[in-house]
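Listed below are the residues making up each chain.
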Amino acid sequence: MSEISTKPYLLRAIYEWCTDNGYTPYLAAAVDSATRVPREFVKNGEIVLNISFTATSGLKMENDFIHFHARFGGISREISIPVENVVAIYARENGQGMAFEASPAAARDDESAAEDKGPGPALSAVPAMHSETPESEASTGPDDDGEPPKKGGRPTLTRIK
């Protein structure tokens, strides 16, 4: 008997943590032929969904699939996402959560879909942050200034590969 992945257990744990703390759990997933989601909301082969209690009906987070009903534009839709396609689960309010690598099967489906529909998403450079401090005085460590992150705006999840 093959061992069950820890991923569905981690997804359920982060979901529970979000709800226990009053946060809104969001799920990001790679979309392929096994994923049932409204295609008009898919961007760059991924979809981000609010999976909170108030946004879903009949949420079941099983070991293989995540199933629920949700309204899109006032129309109830059945959503089914393979656990292997989930790339992140996080709290909307603060961005805390967990990111996962996309499965090789999902990546293959994305590549074949890209071949059918033309070139995939284009890569773009992130603009450099301009600093008041000259480069010679800038610290070489990440965020060593001890200041908390600036408040305001909506937190986002940044995946670094």
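Everything in this summary refers to the structure shown in the same document. (Residues numbered from 1 in each chain as written. Predicted model: local features only at pLDDT ≥ 70, side-chain atom pairs only at ≥ 80, totals over all residues. Heavy atoms only, no water.)

**With respect to the pairing of strand 3 (residues 56-61)**
Pairing of strand 3 with strand 4 (residues 65-72) involves four bridges; the strand directions are antiparallel. Looking across to strand 4, one finds that Met61 is bridged to Ile66. Hairpin connection, strand 3 to strand 4: the antiparallel pair is bridged by three residues. (Pairing = 2+ DSSP bridges. Helix = DSSP H or I, 4+ residues; strand = E, 2+ residues; numbered from the N terminus.)

**Quick notes on the sheet that holds strand 7 (residues 97-99)**
One open sheet holds the four strands; their spatial order is 2-1-6-7, and the pairing between them is antiparallel. The open sheet terminates on both sides in strands that have one partner only, identified here as strand 2 (46-50) and strand 7. Going from strand to strand, the sheet's axes swing by 15 degrees on average, the running direction of each strand aside. Here strand 1 (residues 25-30) pairs with strand 6 (residues 86-91) via five bridges, running antiparallel. (Axes fitted to C-alpha atoms, helices over the stretch in contact; angles between N-to-C directions.)

**A closer look at the pattern of salt bridges**
Within the structure shown, the criterion is met by three salt bridges. Among the ionic pairs, Arg36 bridges to Glu78, the shortest N-O distance being 2.5 Å. Of this pair, Arg36 sits in the loop between strand 1 and strand 2 while Glu78 sits in strand 5 (residues 75-82); the two residues are 42 residues apart in sequence, bridging distant segments of the chain. Judged by its relative accessible area of 45%, Glu78 is partly exposed. The partner of Glu40 in a salt bridge is Arg77, with the nearest N and O atoms 2.8 Å apart. Residue Glu40 is located in the loop between strand 1 and strand 2, and its partner Arg77 is located in strand 5; the two are separated by 37 residues in the primary sequence. On the accessibility criterion, Arg77 (24% relative accessible area) is partly exposed. (Salt bridge = Lys/Arg side-chain N within 4 Å of Asp/Glu carboxyl O. Buried < 20%, exposed > 50% of the residue type's maximum accessible area, 1.4 Å probe, protein only.)

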